[in-house]
Every structure is written in structure tokens, then in C-alpha cells.
Amino acid sequence: MESEPAMTEPQPRPGKQRSRIEIGAALLARTGELIHEILIGPHCAIISDSNVAPLFGDRVKQRLTSSGLQPALITIPAGEPSKTLEQVGAICDQMIGAGLDRQSFVIGLGGGMVGDISGFVAAIYERGIPHVQIPTTLLGMVDSSIGGKTGVNTRDGKNLIGAVHHPSLVIDDVDLLKTLPRRQLNQGFAEIIKHAIIADAEMFERVARASGLEAMQNASGTHALQSLIHRNIEIKSRIVAKDELDQTGERALLNFGHTVGHAIERAGDYREFLHGEAVSLGIVAACAISIKKAGLPKDQRDAIADLLSAFELPTRLPANFPRAKIFDALPFDKKFERGKVSFVVTPAIGSARLSSDVTMEDICGAIDQL
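Residues numbered from 1 in each chain as written. Predicted model: local features only at pLDDT ≥ 70, side-chain atom pairs only at ≥ 80, totals over all residues. Heavy atoms only, no water.

Enquirer: Would you mind going over the overall build of the chain with me for this structure?
Expert: Counting its regular elements, the chain contains 13 helices and 13 strands. Taking all contacts inside the chain whose residues are at least 6 apart in sequence as the whole, residues at least 24 apart take part in 76%. Put simply, the chain shows about 15200 Å² of open surface, and 49% of that area lies on carbon and sulfur atoms. (Helix = DSSP H or I, 4+ residues; strand = E, 2+ residues; numbered from the N terminus. Contact = heavy atoms within 4.5 Å. Areas by Shrake-Rupley, 256 points an atom, 1.4 Å probe, with all protein chains shown as cover.)

And the structure:
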């Protein structure tokens, strides 16, 4: 089967700059060419992790070298525990040692964790240098590489230290998804389903008709996934463009399921659940609150839970999970301000709004039902 042609979609956002986004097959081979079209270099750092670097690090480095660039490959330990200020400092030290300056740029090669930390490094190194994202996960392609949010975790919460620093270029090579373990690929559908719930009822039905990853792949292969990635980028980009710095509340709609999801991640020490799995649980909790506060029909809540389950995403917490730790983590979420939370609810699949009358009691009650 011939590869589908690459699609280019400029990310709509305020201001003079735009992120260029390339979506298609066999794009990794064109990395140097694509970068040369918008960046000069020649020095750059490829930041990757111990899972991804052995698969793609040398290949990307060779493509850049053959294009006249001078890349330094920096590998950090895989996993959310690497998202720390200490790790950022170590990366910057290696970049200084490699001779990177203000004319250099950073490439993030990996999943959401790598994109978050590489973007933060790019935002602060020499007071800001360009960032290129090469997501190697579905979650990275449809969500974390879009919108410019970067950051690291602290002992008290996720992404509490960060900056908005949009990538100059995002390269979504769908061929890279073939190397993903099933669990990693499935977690990306948590964000896809979230986007559908808050903004696109038709996409929700389309994904529901596929009834799981295997059915979606068997029905229409790479093209269907490529089209789905494209649609999710459109949804997130449109929301981000209305509220780039997360100040008016429009962008906060993207946090649907994340208030509880982030608390679950922290309660499990970022090891019990993948990000998408924690978001799946957070979506179920948000639906319970939406029934109470926004009039979400119960059959739509059930349809959402069934779709998450179709992609083998969790909808119930293990009986022995430390729920008290979830409650303790909630106040440290960024969405809490002066002790109050702006909680995203959905009145019906395809729409969402911020609610100011969701109480901690409501949230804890929803967690108790998980």
C-alpha cells in the first residue's frame, strides 16, 4: 500500500508566529529537509528518552547530519519521574558542553514527557530558542505537542513549573506508531475521546463505530488514523487560538477529566497509571459530576465509559488504590485558585463548559464512585 501524502496544517494561534505541523507517513526520513525549511541552525540538541533513543535517535541524528546540521543526542531516563528541574539542569549542562548557543534549537523526540521537558528547556535556554517536536506516541501527536504548554513536575503536583513556548515545527510520522506497545497506543485515545466529548459529537460516533483499536486499524489502516490525528489537531488548535495563555477560560475546556486524572497520577507516584489511563478515570469522574451539575444524560455517560473500555482504558480504580492520596493531591492541581476549582463539565457529548459551582465534596463523591 502506498503511503498517504503528508498533510501540512498551520496551527492557528494569535500573534505573528505559527507552528508548522506535518502529518503523514515516512516523514522521519525528511527530518533534515523539513527543519531546513524553517530553521537555520546548525547546532541542535535531540532530547529523547531511554525507550525511544535506541529506536530512532541515531536515525534522526544521521538525517540531520546529512543535511549539514550538527546534532547532539541527549538521552534521559524514560518515565514521568524524569520531568524535574534537576533533569532540566542536567540537560542544559550537556547543551552548554556541546556548544549550543542562541542560534541553536532543540528537538524533542519521544512521547509527552519528552515533549514537555524538551519544550521547557527550549523556553529557558539562552532565554528561549526554537523547539521542534517529533512525537513518537499517539498521545503526543493529538495532544501534548499542540498548544505550546511545557513544564516539569514538583513534589506537590504535575506541571506546576513551566512556560508557554510553541514549537516551530511538529513532525507527526504515523509510521512511528507501529512500534508502540498496545497499551501506549490505547492511552492516546483517552485524549481523542476527550476532544470528542468537549467539541465533536460526530467524531465521537465515528470512533465509537470502530469499537476499538483493532477494528479501526483493520477497517481503514493508516489513513484513518492520520485523518483522526488531523481532526484532533484542528480541535485543540482552535481552542488554544482563542485563549493561548490560558487566561480567559476557553482553553480550560481542554482540562476535561484532568483535574481528577492528574491527582490519580500523583497518588500513584506516576507509576500506577499512564497519563491517558489516569485521564480516562478522570473523564469518568467528570461525567459523574456532569450528570449532577450539567444535566448530562446517564446514557451518554454510559456511552463514554463504554468507548473508553473499548480501547482498554480503565473506568474503575483498583480496590486497593490509595484513594486518600487522590484527595490529598487535588488542592495542588493548577486549576485550583484560592481554594476554589473551575471544573469542566459536559451537558452533552460534543460540548463543554466551565462550572464554578462544583465543590470539593462533589469531586470526592465522584472519586468514591470510581
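Enquirer: Would you mind showing me how to read unusual backbone geometry here?
Expert: With the exception of glycine, most residues fall at negative phi, and the peptide bonds are largely trans. A positive phi angle, near 60°, is found at Asn 159, a position not held by glycine. The residue Asn 159 is located in strand β8 (residues 157-164) in this model.

Enquirer: Looking at this structure, I do not really get the pairing of strand β7 (residues 149-154). What am I missing?
Expert: Sheet faces and side chains relate simply in a regular strand, where the side chains alternate between the two faces. With five bridges joining them, β7 and β8 adopt antiparallel strand pairing. Considered in β8, the bridge of Thr 150 is made with Ala 163. Taken together, β7 and the strand that follows it, β8, pair antiparallel across an intervening segment of two residues. (Pairing = 2+ DSSP bridges.)

Enquirer: Teacher, can you tell me more about the nonpolar core here?
Expert: Taken as a class, soluble globular proteins show a tendency for nonpolar side chains to be buried jointly. Core analysis: the biggest nonpolar cluster contains 69 residues, and Leu 138, Ile 229, Ile 264 and Ile 363 have the highest contact counts within it. The element best represented in this core is helix α10 (residues 275-293), accounting for nine residues. If near-sequence neighbours (up to four positions away) are discounted, Ile 264 is found in contact with Phe 273, Ala 278, Leu 281, Leu 317, Phe 321, Ile 326 and Leu 370. Core analysis: the next-biggest nonpolar cluster, separate from the first, contains 20 residues, Cys 44, Phe 56, Leu 64 and Ile 134 among them. (Core = buried A, V, L, I, M, F, W, Y, C linked by side-chain atoms within 4.5 Å. Buried < 20%, exposed > 50% of the residue type's maximum accessible area, 1.4 Å probe, protein only.)

Enquirer: What should I look at first to understand the packing of aromatic side chains in this one?
Expert: For any two aromatic rings, the description comes down to two numbers: the centre-to-centre distance and the angle of the planes. Tallying each qualifying case throughout the model produces two aromatic pairs. Taking the centre distance of 4.0 Å and the plane angle of 10° together, the rings of Phe 189 and Phe 311 count as stacked. One end of the pair, Phe 189, is in helix α6 (residues 182-199); the other, Phe 311, is in the loop between α11 (298-310) and α12 (323-329), with 122 residues separating them in the sequence. Judged by relative accessible area, which is 0%, Phe 189 ranks as buried. Accessibility expressed as a relative area gives 0% for Phe 311, which makes it buried. Each ring, one from Phe 273 and one from Phe 321, has its centre 5.6 Å from the other, and the planes form 50°; the classification is tilted. Highlighted residues: Phe 273 in the loop between α9 (258-267) and α10 and Phe 321 in the loop between α11 and α12, separated in sequence by 48 residues. (Phe/Tyr/Trp six-rings, centres within 6.5 Å; stacked < 30°, edge-to-face > 60°.)

Enquirer: Any chance you could explain the pattern of salt bridges here in plain terms?
Expert: Side-chain pairing between opposite charges can occur once the charged atoms of the two side chains come close. Taken as a whole and assessed by the stated rule, the structure comprises 20 salt bridges. Between Glu 312 and Arg 182 there is a salt bridge, with the nearest N and O atoms lying 2.9 Å from each other. Of the two residues, Glu 312 sits in the loop between α11 and α12 while Arg 182 sits in helix α6, which places them 130 residues apart along the sequence. On the accessibility criterion, Arg 182 (33% relative accessible area) is partly exposed. In this structure, Asp 302 engages Lys 298 in a salt bridge whose closest nitrogen and oxygen atoms are separated by 3.2 Å. In this pair, Asp 302 and Lys 298 both sit in helix α11, four residues apart, roughly one turn of the helix. (Salt bridge = Lys/Arg side-chain N within 4 Å of Asp/Glu carboxyl O.)

Enquirer: Whenever I open this one, the pairing of strand β2 (residues 19-24) confuses me. Can you help?
Expert: Across the six residues of β2, five count as buried, placing the element largely inside the fold. Direction of pairing for β2 relative to strand β9 (residues 169-173): parallel, over a ladder of five bridges. Looking at β9, one finds that Glu 22 is bridged to Ile 171.

Enquirer: Hey, could you run me through the environment of Thr 75 in this one?
Expert: Relative to the elements of secondary structure, Thr 75 occurs in strand β4 (residues 70-76). Separated by 34 residues in the primary sequence, Thr 75 and Leu 109 place their C-alpha atoms 9.8 Å from one another.

Enquirer: Help me out: how do you make sense of the side chain of His 195 in this one?
Expert: Relative to the elements of secondary structure, His 195 occurs in helix α6. The contacts of His 195, once residues within four sequence positions are left out, are Val 142, Asp 143, Asp 200, Met 203, Asn 232, Ile 235, Lys 236 and Leu 254.

Enquirer: Sorry, what's going on with α11 here?
Expert: Across its 13 residues, α11 extends 18 Å between first and last C-alpha, which sits within 8% of the 18 Å expected from 1.5 Å per residue. Within the sequence span of α11, burial applies to Ile 304, Ala 305, Leu 307 and Leu 308. Looking straight down α11, one finds that the buried residues subtend no more than 160° of arc, so they occupy a single side. Opposite the packed face of α11, turned more than 90 degrees from it, sit the exposed residues Lys 298, Asp 299 and Asp 306. In the core, the buried residues of α11 are packed alongside α6, α7 (201-210) and α10. The first or second residue beyond α11 is Glu 312, which carries a positive phi of 60°. (Expected span 1.5 Å × (residues − 1). Arc of directions from axis to C-beta.)

Enquirer: Before we go on, may I ask you to explain empty space enclosed by the protein in this structure?
Expert: Empty pockets left among the atoms are what a rolling probe the size of a water molecule brings to light. Under the criterion given, the structure shown has three cavities of 30 Å³ or more. Size it by volume and the largest cavity reaches roughly 60 Å³. Every residue lining the largest cavity is counted, 10 residues in all, and those nearest its centre are Gly 157, Lys 158, His 262, Ala 263 and Ala 329. Of all elements in the fold, only β8 and α9 reach the threshold of two or more residues within the lining of the largest cavity. Of the residues forming the lining of the largest cavity, the biggest block, four residues, is contributed by α9. Grouping the constituent residues of the lining of the largest cavity by class yields three nonpolar, three polar and four charged. (1 Å grid on protein atoms, 1.4 Å probe; cavity = no way out; pocket = protein on both sides within 12 Å on 5 of 7 lines; lining within 4 Å. Points joined across faces, edges and corners; volume = space filled by probe spheres on them. Nonpolar A, V, L, I, M, F, W, Y, C, P; charged D, E, K, R; others polar.)

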